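Overview (structure and organization)
Spelled out from the first residue to the last, the chains are:
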Protein chains: 4
Amino acid sequence: MATTLISGGTVVSSTGRREYDVLIDGERIVALLEPGSTVLGSDLRTTVDTVIDASGKYVIPGGIDAHTHMEMPFGGTFASDTFETGTRAAAWGGTTSIVDFVVQYPDQNVLDQYHLWHEKAAGNCAIDYGFHQILSDVQDSSLSAMDELVSEGVTSFKLFMAYKGVFLSDDGQILRAFQKGADNGAMMMMHAENGAMIDVLVQQLIAEGKTDPYYHGISRPWQAEEEATHRAIMIADVTGAPLYVVHVSAKQAVEQIMSARDRGMNVFGETCPQYLYLSLEEQLGAPGFEGAKWVCSTPLRARAEGHQDHMWRSLRTNDIQMVSTDHCPFCMKDQKDMGVGDFSKIPNGIGSVEHRMDLLYQGVVEGRLSLERWVEITSTTPARMFGMYGRKGVIEPGADADVVVYDPNGHTSIGLGKTHHMNMDYSAWEGFEIDGHVDTVLSRGTVVVDDGEYRGRAGHGRYIKRGLSQYLI
Amino acid sequence: MATTLISGGTVVSSTGRREYDVLIDGERIVALLEPGSTVLGSDLRTTVDTVIDASGKYVIPGGIDAHTHMEMPFGGTFASDTFETGTRAAAWGGTTSIVDFVVQYPDQNVLDQYHLWHEKAAGNCAIDYGFHQILSDVQDSSLSAMDELVSEGVTSFKLFMAYKGVFLSDDGQILRAFQKGADNGAMMMMHAENGAMIDVLVQQLIAEGKTDPYYHGISRPWQAEEEATHRAIMIADVTGAPLYVVHVSAKQAVEQIMSARDRGMNVFGETCPQYLYLSLEEQLGAPGFEGAKWVCSTPLRARAEGHQDHMWRSLRTNDIQMVSTDHCPFCMKDQKDMGVGDFSKIPNGIGSVEHRMDLLYQGVVEGRLSLERWVEITSTTPARMFGMYGRKGVIEPGADADVVVYDPNGHTSIGLGKTHHMNMDYSAWEGFEIDGHVDTVLSRGTVVVDDGEYRGRAGHGRYIKRGLSQYLI
Amino acid sequence: MATTLISGGTVVSSTGRREYDVLIDGERIVALLEPGSTVLGSDLRTTVDTVIDASGKYVIPGGIDAHTHMEMPFGGTFASDTFETGTRAAAWGGTTSIVDFVVQYPDQNVLDQYHLWHEKAAGNCAIDYGFHQILSDVQDSSLSAMDELVSEGVTSFKLFMAYKGVFLSDDGQILRAFQKGADNGAMMMMHAENGAMIDVLVQQLIAEGKTDPYYHGISRPWQAEEEATHRAIMIADVTGAPLYVVHVSAKQAVEQIMSARDRGMNVFGETCPQYLYLSLEEQLGAPGFEGAKWVCSTPLRARAEGHQDHMWRSLRTNDIQMVSTDHCPFCMKDQKDMGVGDFSKIPNGIGSVEHRMDLLYQGVVEGRLSLERWVEITSTTPARMFGMYGRKGVIEPGADADVVVYDPNGHTSIGLGKTHHMNMDYSAWEGFEIDGHVDTVLSRGTVVVDDGEYRGRAGHGRYIKRGLSQYLI
Amino acid sequence: MATTLISGGTVVSSTGRREYDVLIDGERIVALLEPGSTVLGSDLRTTVDTVIDASGKYVIPGGIDAHTHMEMPFGGTFASDTFETGTRAAAWGGTTSIVDFVVQYPDQNVLDQYHLWHEKAAGNCAIDYGFHQILSDVQDSSLSAMDELVSEGVTSFKLFMAYKGVFLSDDGQILRAFQKGADNGAMMMMHAENGAMIDVLVQQLIAEGKTDPYYHGISRPWQAEEEATHRAIMIADVTGAPLYVVHVSAKQAVEQIMSARDRGMNVFGETCPQYLYLSLEEQLGAPGFEGAKWVCSTPLRARAEGHQDHMWRSLRTNDIQMVSTDHCPFCMKDQKDMGVGDFSKIPNGIGSVEHRMDLLYQGVVEGRLSLERWVEITSTTPARMFGMYGRKGVIEPGADADVVVYDPNGHTSIGLGKTHHMNMDYSAWEGFEIDGHVDTVLSRGTVVVDDGEYRGRAGHGRYIKRGLSQYLI
Ligand SMILES: [Zn+2]
Ligand SMILES: [Zn+2]
Ligand SMILES: [Zn+2]
Ligand SMILES: [Zn+2]
Ligand SMILES: [Zn+2]
Ligand SMILES: [Zn+2]
Ligand SMILES: [Zn+2]
Ligand SMILES: [Zn+2]
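Residues numbered from 1 in each chain as written. Chains lettered and ligands numbered in written order. Predicted model: local features only at pLDDT ≥ 70, side-chain atom pairs only at ≥ 80, totals over all residues. Heavy atoms only, no water.

The next thing to look at is the overall build of chain A. The helix and strand inventory of chain A stands at 14 helices and 23 strands. Relative to its length of 473 residues, chain A is compact, with a C-alpha radius of gyration of 21 Å against a globular reference of 23 Å. Counting only C-alpha atoms and orienting by the principal axes, one finds that chain A spans roughly 75 × 50 × 40 Å. Here chain A holds 473 residues, and the buried ones make up 69% of them. (Helix = DSSP H or I, 4+ residues; strand = E, 2+ residues; numbered from the N terminus. Rg over C-alpha atoms; globule rule 2.2 N^0.38 Å. Buried < 20%, exposed > 50% of the residue type's maximum accessible area, 1.4 Å probe, protein only.)

What follows is the structure in structure tokens.
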């Protein structure tokens, strides 16, 4: 097998940084070595097949985006990135693993859906991928499928407290699913918004002629998120299941998570780049229909209320443990524009899978996060949270050689015609400038992106059979 | 230089565990390697000078005890362990670094004391050692000495809110010292108990004839600890200094630390094994003068109030970040017995430097901590907290080869005539049984303890010139 | 009209106590006077029609029980007290006003039900009565009925988060009803338990053969109450409606109410005597089917968890504002016994309308409440909370002459054959001994109970047309 | 004795309002009567000596200002209002009782000082007055004097955590005084600011040339107030003493008080009009030396941090229980101007005794408080808090006839040449306009202010011998 030495860089882990070399043999890391050490009898730089010079750069474990929706069917259309286009864009951005959501809609069989998703992904992915399972019809057969899926490496299950008739489970169903999670050790994931409240508010706003994208945000107040977050925590408390709240955007929801964690519960929260950078006033409130670009749920929050700053702080304090994208792209044309005149018909979602590593690195540049915390929230914790640690999320002998060489002296301009490889006709991040650059990306030992060139291929990515969470206390 | 391969063990870090080999060349780790990998052209097991077989065992970074008082002068006597006996006992227990406290008493010159402590330690230590500086006389010269000490590798300064006339600084002095810490980046450490309250309570108890060791605990109620903890946090808030609260024992003090951390402050807390295992009722309340064995400050707390369980939980939730010993041993004869008939004359301190790794490992056995968290709170976080990370606290190429091979199938019985190498005529941990065993201890590449035999020497240990904290958010 | 002078007693208000005389003319209080004052030209004691000697006794405003269910239809049976028997028992116990619940079940017309309840009560009541309206079918016609009811003096509306198919409203319905309350000023009352969770737990327990009354408590954990309480608060926050949580029994629910109040919300909580005195272990857990006597919802809570003591404290701190009974009596024979072999079939309810004043007074005797707080939580606050103040809840010129002379030197033994006038074949309070006694009760100037004799009559009681809450901040 | 009937007004209590007449005989209220009632045989309006027509006006219990410093010696000068001028101004503003502070400075005898203050006040006061005792030298003789003072009607003792060498007690002294309070039932009052921190900050600011009045505020950050508040609470917790924190200005200090109250402690907080209306930026930050007018301690707080709004809210939620003035006036000329060039030399204090009732009434006009709450925080609660209830703070038969007729249709313009009767050469409230007016003020049955005319006299006011607090839970 081919050997590669990443030499001269500063390896950054979640706890520290140091200069040493990384030796890859085939798909895995086999050794970490003092730079230039001759203890092994020879200068490896002269004997390996390939040397990657990482001098002056950071060497980090490949990014893990634990929340994506490639080609997800929703409301008569599909998220615009396929597994092929979406994972390729991910690779461009230094992300070497995704965990995507298998969807069960009501009356669908869980295992059928699981196999269907395997078919969608197999042979198409540029990077490795795992699956979470969405349950939208919690009944006996779904519950027993949970055990089977855990043995298949699907160790996390997502439920919804919103989207009645589509995704929503009632509290009794949630309770039953959580009991199963407590029993088989799976992580229970929750879309925490009170859909019943929201549905009434949506209907009232539309009836009042408040149909612009901005009102999407108004229809989903922070109280709806705080409420559902607290409710999920209480059900977790009754059952003993570990709980992971997805796409947390309201500071009050963070407070609920923080309070549960302070009491010693296994409760976790994920946020997304959009909740760190974007706002109700600026993006959702853009003139005309422009705001549709940023219609997602939970919605962007009011900067005047301080949610964004609070979310950055929560990342520092580990009240929020990690950052995923909730990548769910829709084009403006033919997709987002279905909601002209009625915000509730705008497909919900933002595409960010390509930019997560960069956007978070910019937080390091701006002093909001330490370099180590960047690695932790984008790679190490996602790996631990979802049972991939050891193989993913760390640079260690035996781990998959998913490695990114990141240049702190490089620069990345995001936007159409600049950096933008996702299958979308706009960028939610148009105009963002990043003081850093993804130079080289290795997926299981193969260079897939190098020096502004894509060298990967569809089908390189393999399914990640995950274990139970390694992040529980 | 001599090469050593620790082979076949499970290396445990603060984030995970995996089987790989550790190659040591001289004093440092030079490579981590997949076991049996031949990528380097040969089987290292046949070429290195020494192979340590760690099969079935844990390989962990050596323990760091960041709070010891070797041969500390106090109340006319000295802590009974010298740097020689104390560091040797530490080595026995898998601790390869200590950070000891240089003492400035009133009217003493800080730098003189610092040099004096160097003299005490030099040539005597079995393992590496660093220094914190105690300031008991905050005045202009002391403040300017802080800058010089930082450049000498003493990057943490301890103040006291108790012990009037001996250690106590008033809030104005604390404010000034904290301002200096905010300025030069040093960590400010605090003994957080309200001494003025305590002094009155002590006087009243003695006057009432309540002179038994038990009343030592009564004289220092949790309110005195919570109060001082909150006060220190407020001063840290005004100044911007990072704050590290030593020997936290009251759950209410933890709540104050947690609350400050939730607000995003750089506030940290340390606890000690005694606050996890021992109690006011059982130990301090032992019949007659027996309780004197466990007179320390902060005092052991009432189990009926739930402090011990709360402290374990706080370790899990990272509301308390690490565990040190506050090792400050005094013998019963001629030392503790000075307080017969007056608990306030009992020298304050417990000796635990030898048992910290074992006692905390027992928490793993009992399901209170994960294996990874054990490594984190005993080694990785202490290293990061006090600016030693990279060199200490981690198994990585380039790090000092401070490594412990720990046997989860071994057993350790603590007590006199069993496991007890500290210079004390009793053990505070008599009768504790540990389901694990420190097999082999390497300090900077040298085996100092192996298979129940001490192979180290006084003078092997070197001074650790520390940097600023690597744990700030 | 007849004049009465209550003379020589200590009048107790919610803020203090003092000796003065109360002059009644017909149905109302017309003057308060210094005892023996001759400023009015004559000694009133010689000129009024009747003098009630209250020397050595407390003179207090008549009790107001704001939560009763006389002859409520539920599960195919009726609460065993009619308006006649229930209000007579209330009078015996020093309660001179009740607010009873008009029930709308699904598909029933709100106003029809309101008129039906007037028919039930008219001509039957011993004391004055008002109505709250229960809404179990929130739809447009129900919402518009709310406005009409407010003008009829029904200024409070109760919704349920439990009892699916019977009472339960979903969160969208609750939102709409709360919006109406925010608009017309009505108080929104909530039965706060998560019915969906509870229904699953009930089903599971029954399936496991756990059918004893004790499991009624297990099926309704505190998390279900805390959850619903928080949810109701969030909906109140979104809408701006004032919220009154009925029958709070879990300390965690109190914490939610306290926290909302600390943030300045108009959120209030009521508890009941059973949550202050009785427990899951002792009463619900009584041998065999005995526990059925105390099956009510929210359920009795575990004393081991400290709910009862916490509830007393919450009454002192005004985190809970008042005490009602949730009087809903069912006999053991033919009613409670429907649930033999299946706790979920036991009619829910406890009868206490007769004993509330005594049971709370015992709290004064035992040092849990001040005398003034007793008057506040049993009379003055209920009057203010529900828009009756001025006419009820206070001893003031112009107020209805609802007055109780309470003897702190008397004694009351509760139980069958002792003090028990409710239409029940058992007493939930059997064996309770009270160090005080209701001596004389006046309802609108008429003595209805005197010296152990009932002198009232069915039909004396009149409907109380209430205004909006006078307790909002 | 002369009889007076206050007729036709709306009597407002802390719990409600109603129209009835108040009959006064000599110094006391002897009856409350339905207006126009003939039950007493005649129309009182024709038989009493005087009828005060209160139609369309509020009739309230006279204001009680529980925190004044008449002619207080401080820093070589005296507060500019004597008991004569200060109490006269109070009467003008509808305040009929003050509680002033007897000062013990170090080395002074407590009882001597107490008698000295009696001499100052006797024969000079327009209204009734009580005394708190300041302890600045807690030693055995001071502690035993506390018992004697309680029997003299001085049932509250104030300590200081600031002003070293003048007022400050250390925590041991505070502990001892609080133990005495816990024992004899006295209320312990606290000036809660960390003086040691402040002294350093003051010194540093002056050294940096930051000498303007604005820096007075900077030198006393909210952390110093929160800190001391928490510390006082902890000492109260250890001892069991009730605690009353004076002049609370920081929202964080309120949080500490709220939290203690939530736990069931007898902890109370007072704020002052200046902390509700004025701010660091606007008043203290006025150009040049102008800000000196508002130099007081605790200082005015930053409006940008939201303290003022939080304080209003805390009054609504009863997290702060009452409003006093901390009346301590100094003239700009010859007094405040001692601090030109050094803010620390500006005498601390603001004069407001005349305007408290009006300023708080304006809060009612602006919807910040209910009318009932206005009466509660300005009269009823002060009376209960400090053991005067029954005699003061309420309109009830037997109470002192301290009554104010307040006209909600009147208007008051505050300022020099407008409404200003305090002995100050400026008004801290210049330009404030009040939508209400103090029409008539009775002190113990005597009209002292009527229709813009002062009809009182020095010496009318009598000493109030107070009992223990009636506000404890
Ligand atoms: Zn979602
Ligand atoms: Zn999603
Ligand atoms: Zn210490
Ligand atoms: Zn120590
Ligand atoms: Zn109910
Ligand atoms: Zn009910
Ligand atoms: Zn003060
Ligand atoms: Zn003052």
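Still to come is the rest of the account.
So, about the coordination of the zinc ion (ligand 4). Residue and element names in this part refer to chain B. The coordination sphere of the zinc ion (ligand 4), as far as protein atoms go, consists of His67 (NE2), His69 (NE2) and Asp326 (OD), spread over 2.0 to 2.2 Å. Of note, the donors binding the zinc ion (ligand 4) are all from one chain and are spaced H-x1-H-x256-D. Here the zinc ion (ligand 4) and the zinc ion (ligand 3) are spaced 4.0 Å apart. As far as the burial class goes, histidine 67 and histidine 69 line up, both buried. (Donors = N, O, S within 2.8 Å, 3.2 Å for Na, K, Ca; no water.)

Taken together, the contacts link 40 residues of chain B with 40 residues of chain A. Both sides of the chain B and chain A interface together cover about 3200 Å² of buried area, and 54% of this is carbon and sulfur. Contact with chain A buries surface across chain B, with B:Thr15, B:Arg18 and B:Asp262 losing the most and accounting together for 20% of the total. Where chain B touches chain A, the interface holds four salt bridges. With its nearest N and O atoms 2.2 Å apart, the salt bridge here joins A:Glu34 to B:Arg28. There are 19 residue pairs in polar contact (both at pLDDT 80 or more) connecting chain B and chain A. Secondary structure elements with two or more residues in the side of chain B that touches chain A: strand 3 (17–19), strand 4 (21–25), strand 5 (28–33), helix 9 (251–262), helix 12 (307–317) and helix 14 (371–385) of chain B. The element best represented in the side of chain B that touches chain A is strand 5 of chain B, accounting for six residues. Pairing of strand 5 (residues 28–33) of chain A with strand 5 of chain B involves three bridges; the strand directions are antiparallel. Along strand 5 of chain B, the bridge assignment pairs A:Leu32 with B:Leu32. (Contact = heavy atoms within 4.5 Å. Buried area = accessible area lost by both parts, 1.4 Å probe. Salt bridge = Lys/Arg side-chain N within 4 Å of Asp/Glu carboxyl O. Polar contact = N/O pair within 3.5 Å; in protein donor to acceptor, adjacent residues only side chain to side chain. Pairing = 2+ DSSP bridges.)

The subject of this paragraph is the relation of the copies chain B and chain A. Rotating chain B by 180° and moving it 0.0 Å along the rotation axis overlays it on chain A with an RMSD of 0.0 Å. Overall, the copies show the geometry of a two-fold rotation axis. Identified as the residue of chain B closest to the rotation axis by C-alpha distance is B:Leu32, at 2.6 Å. In this assembly the copies share their binding face: 100% of the residues contributing to the interface of chain B also contribute to that of chain A. (Least-squares fit on C-alpha atoms with pLDDT ≥ 70 in both.)

The next point concerns the sheet that holds strand 14 (residues 187–191) of chain B. Residues and elements named next belong to chain B. The eight strands lie next to each other as 8-11-12-13-14-15-16-17, forming an open sheet whose pairing is parallel. The sheet terminates laterally at strand 8 (63–68) and strand 17 (322–323), the two strands that pair on one side only. Here strand 16 (residues 267–271) runs beside strand 17; their pairing, made up of two bridges, is parallel. Of the residues in strand 17, the one forming a bridge with glutamate 270 is methionine 322. Helix 2 (residues 83–92) contacts strand 11 (95–103) and strand 12 (128–134) of the sheet and is inclined by roughly 150° relative to strand 11. (Axes fitted to C-alpha atoms, helices over the stretch in contact; angles between N-to-C directions.)

A separate point is the UniProt feature "domain: Amidohydrolase-related" (unreviewed entry) in chain A. The UniProt feature table records "domain: Amidohydrolase-related" (unreviewed entry) at residues 58–448 of chain A. With 37% helix and 18% strand, the stretch residues 58–448 of chain A has end C-alpha atoms that lie 17 Å from each other. (UniProt positions renumbered as here; feature names shortened; annotations may be inferred.)

For the pair chain D and chain B, the best superposition has an RMSD of 0.0 Å and corresponds to a rotation of 180° with a translation of 0.0 Å parallel to the axis. A shared interface surface links the copies, since 100% of the contact residues of chain D are contact residues in chain B too.

Between chain D and chain B, the contact holds 23 residues from the first and 23 residues from the second. Buried area between chain D and chain B, both sides added, is near 2000 Å², and the carbon and sulfur share of it is 67%. Across the contact surface, chain D and chain B share two salt bridges. Here B:Glu227 makes a salt bridge to D:Arg231, at a shortest N to O gap of 3.6 Å.

By definition, a disulfide is the covalent link that joins the sulfur atoms of two cysteine residues. Going through the model one piece at a time under the given rule, you end up with zero disulfides over all chains. Here C:Cys125 is not cross-linked by a disulfide; its sulfur's nearest cysteine counterpart is in C:Cys328, at 16 Å. You can call C:Cys125 buried: its relative accessible area is 0%. D:Cys328 forms no disulfide, and the closest cysteine sulfur to it belongs to D:Cys296, at a distance of 9.7 Å. You can call D:Cys328 buried: its relative accessible area is 4%. (Disulfide = S-S within 2.5 Å.)

Here the focus is the pairing of strand 5 (residues 28–33) of chain D. All names here are of chain D. Counting buried positions over the six residues of strand 5 gives five, a clear majority of the element. With five bridges connecting them, strand 4 (residues 21–25) and strand 5 associate as antiparallel partners. When the bridges of strand 5 are listed, leucine 23 appears paired with alanine 31. Between strand 4 and the antiparallel strand that follows it, strand 5, lie two residues; glycine 26 among them carries a positive phi value of about 70°.

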